[in-house]
Structures are given as C-alpha cells and as structure tokens.
Amino acid sequence: MVRQTRSWSPTARAAGIFGAVAGVAAAGVAAALAAERALVRHSKKAVGDPYVDEIFGDQPYDESYLVETADGTDIHVEVVHPAGPADSARPTIVFVHGFCLDMGTFHFQRKVLAERGADRLVLYDQPGHGRSGRLESGEYELRALGETLRAVIDRTVPAGPLILVGHSMGGMTIMALAEQYPELFTDRVAGAVLMATSGGMLGETKFGLPAIIARAGTPLLPVVNSATKLSGGVIDRARRASANLAWLLTRRYGFGEGNPSPALVSYVEEMNSRTSTETVARYLRTLYTHARYPALAALRETPTLVVVGDRDLITPVSHSEEIVRRLPGAEFVKVANSGHVVMLEHADQVNAALLDFLDRLTPPSPHSSGESDA
C-alpha cells in the first residue's frame with residue numbers, strides 16, 4: 001500500500017473545522033430528533049388550524065416582468081393593478097421581502113390590498129430567492145440589493161409617489177436604497193414600512209442559525225462560505241432529507257406563539273427550503289456586517305411605520321426600538337406573542353396597522369371595494 005501525504009489548504013482546513021462543528025451540532029440534533037418526530041407529526045395535524053384551507057403560493061397579478069440588474073441577474077416582478085381607474089395621486093406600494101423567503105412573505109398583505117382594489121402593488125423576489133436568478137460569482141451585498149430595488153422601481157414605477165414595505169433583509173434593502181439615493185426619499189417616497197428589521201447590531205443575534213454555530217459568531221462565516229462552495233449540493237440534499245428538523249427550526253426561530261399554525265410553519269419552511277445553501281452562505285457575511293443607521297437620516301421626513309413581534313429571536317425588539325429612537329416621528333407597533341414572520345403569524349394586526357397607515361397618507365380611493373380580513 002502506498003500512503004499518500006496530503007497537504008491541507010486553508011480552505012480545506014476551514015471546511016474541516018466547519019464539518020467538525022456541524023458534526024457536534026448534528027449529534028445533539030440526532031439525539032433530540034427522534035423524540036421530536038412524533039411532535040412534528042402531531043403538530044402538523046393540529047385541530048383548529050385557522051389556515052389549514054388557505055391556498056398559499058402564487059397569487060393573481062396583472063403584469064409580470066423580468067428586470068435585469070446591472071450584473072445581469074434576472075429579477076422576477078409581479079404587478080397588481082387597482083380595481084378602478086388609476087389614481088396618480090395614490091402611491092404605488094412596493095414590497096421587499098427578507099432573507100431565505102420570497103414575495104409570498106406578504107401573502108396576507110397582498111391579499112387584503114388586492115381585494116380592497118385601491119392601490120397598485122409591486123412585488124419581486126430578491127436575487128437568489130424565489131423565481132429570480134442567482135449571482136454567478138461573488139457575494140450578495142446590501143448595496144447591490146439597493147440597486148436591485150432601484151432597478152425594479154425604474155422599470156415598474158418610473159414616476160409618481162411610492163410607499164416602500166420591507167421585511168427583515170427587505171427593510172435593510174430600503175436602508176441601502178436610502179443610503180445610495182437619499183433624494184428619492186425627498187422627491188418620491190411618501191412612506192416606509194419597516195417590519196422586523198434592523199439598522200445594524202446583527203452580530204449580536206443568532207440570525208436564525210442553530211445556537212452552536214451562532215455562538216461561533218462572525219469568524220465562522222468564511223468557514224461556512226468555503227464549506228458550502230465545496231459541498232453545497234450535499235448540504236442541500238441533507239436539508240431536504242431532514243424535513244422534520246427544518247420544520248422544527250422554522251417554528252422555533254420564525255414564530256413567537258407556542259403553537260403557531262402548522263400550515264403557516266410549513267409555508268415558511270417551504271420558502272426557506274427553496275433557497276440554496278450556497279445562496280444562504282453568500283448572503284450571511286453581508287447581513288452580519290450590515291450597519292446602516294446613518295442611512296435612516298434620509299427617512300427623517302418620511303412617514304414611517306415600524307412593526308416587530310415581541311418574541312422575535314432574529315431581529316429582536318431592541319433593533320426596532322433603535323430605529324424608532326433615530327426616527328422619533330415613526331409610528332411603532334409591537335405585536336404580542338409574535339416572532340420574526342409577524343406579517344404572517346399575526347396578519348390581522350399587521351394588516352390593520354398597515355391599512356390605517358396607508359389611509360392616513362392617502363385618503364381611500366372612491367374605487368375601493370372595501371377592506372377585507374386576512
């Protein structure tokens with residue numbers, strides 16, 4: 001037998017370290033997973049789930065676009081028109097979703113606004129998410145996401161007032177846009193809604209990662225990145241095979257209620273699972289280093305609604321409180337017993353706050369078909 005001497009490169013060593021960390025995590029998970037399987041099966045069959053018959057996924061739209069960004073990424077965009085003649089005085093509402101999700105994040109907000117029929121709605125999938133294309137190389141930068149939002153606006157809303165609604169990374173995208181184009185907030189942005197988001201301090205949170213990895217903090221991110229480049233396909237297959245674990249983690253980190261709707265948990269987990277591990281890794285460094293509190297200066301004269309769940313583990317209440325401290329004129333809504341996906345978990349409360357905010361900015365349209373419950 002010929003014994004080969006192997007030279008370990010820094011990348012291979014980093015991948016090995018990550019593998020060891022993942023192995024330790026997996027050992028603990030395996031011990032708990034058997035006991036949790038019955039719980040998952042029981043939870044998914046829960047009696048009285050208010051959303052058991054809700055049809056999640058694609059919703060009707062009037063126009064669809066592929067908007068190409070400066071780096072050649074195709075962005076999937078959907079537009080919903082108002083029910084009656086367009087009112088140029090009413091702002092177009094642009095929705096910007098968060099990390100590992102897609103435009104379906106705003107399922108209930110889109111539904112209630114489309115039924116009301118007063119507003120033009122624009123929704124899109126962020127790069128590497130949903131039906132939008134992935135970057136061919138490099139990492140996703142929030143600056144690039146701000147440019148993507150600007151490209152969507154220029155293509156779909158070339159003139160007229162805007163209201164920007166962002167959840168989590170979507171709120172950070174709005175901050176990046178404000179940093180790059182502050183004049184847009186003076187000239188066109190009539191209002192902003194920031195849901196479960198942050199202007200910085202993300203290194204202090206788990207950001208939805210298992211605790212053993214989160215404790216390692218920012219220094220581990222290059223390791224995660226290298227490991228997924230080497231074996232992203234393998235990890236993706238493992239994620240799909242560990243459906244029960246993914247469902248449990250989604251319930252733990254996404255929701256605040258002790259017994260959230262199983263249908264909602266499954267819907268969020270499905271959105272998570274469609275985001276490739278490589279895409280996840282290429283976003284993480286940007287999210288952990290996000291620091292855009294100064295960009296909020298562009299929103300000081302812009303009516304702003306800040307919404308957060310009081311049990312949000314990913315972007316805790318303190319992050320929203322810091323935004324409000326820097327925007328003293330902002331309206332602040334803290335939703336009890338809600339986690340990170342507050343607009344899904346407590347849609348009625350979020351919709352009520354959103355509709356009230358919109359109607360105070362622009363009087364109800366005479367063509368409105370009336371409000372509807374989520």
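You'll find the structure just up there.
Residues numbered from 1 in each chain as written. Predicted model: local features only at pLDDT ≥ 70, side-chain atom pairs only at ≥ 80, totals over all residues. Heavy atoms only, no water.

A few points about the overall build of the chain
When its secondary structure is counted, the chain shows 13 helices and eight strands. Within the span of the chain, comprising 374 residues, buried residues form 54% of the whole. Excluding contacts between residues fewer than 6 apart, the proportion of contacts in the chain whose partners are at least 24 apart in sequence is 81%. (Helix = DSSP H or I, 4+ residues; strand = E, 2+ residues; numbered from the N terminus. Buried < 20%, exposed > 50% of the residue type's maximum accessible area, 1.4 Å probe, protein only. Contact = heavy atoms within 4.5 Å.)

A closer look at the nonpolar core
In terms of nonpolar packing, the biggest core is built from 42 residues, with Ile93, Phe95, Leu113, Val165, Met195, Val307 and Leu344 touching the most fellow members. Take this core: its biggest share by element is seven residues, from helix 13 (residues 347-361). If you look at the next biggest cluster of nonpolar residues, it comprises 35 residues, including Leu164, Ala298, Val324 and Leu327. (Core = buried A, V, L, I, M, F, W, Y, C linked by side-chain atoms within 4.5 Å.)

Some thoughts on the side chain of Thr302
Among the secondary structure elements, Thr302 is positioned in the loop between helix 10 (277-288) and strand 7 (304-309). Relative accessible area serves as the criterion here: at 6%, Thr302 is assigned to the buried category. In this structure Thr302 touches Phe185, Val189, Ala190, Gly191 and Ala192, once residues within four positions along its chain are discounted.

Re the pairing of strand 6 (residues 189-195)
Taken across its seven residues, strand 6 has six buried, putting it largely inside the fold. The sheet contact formed by strand 5 (residues 162-167) and strand 6 spans six bridges and is parallel. Bridged to Leu162 within strand 6 is Val189. Bridging between strand 6 and strand 7 involves four bridges; their strand directions are parallel. Opposite Val193, over in strand 7, you have Leu305 as the bridge partner. (Pairing = 2+ DSSP bridges.)

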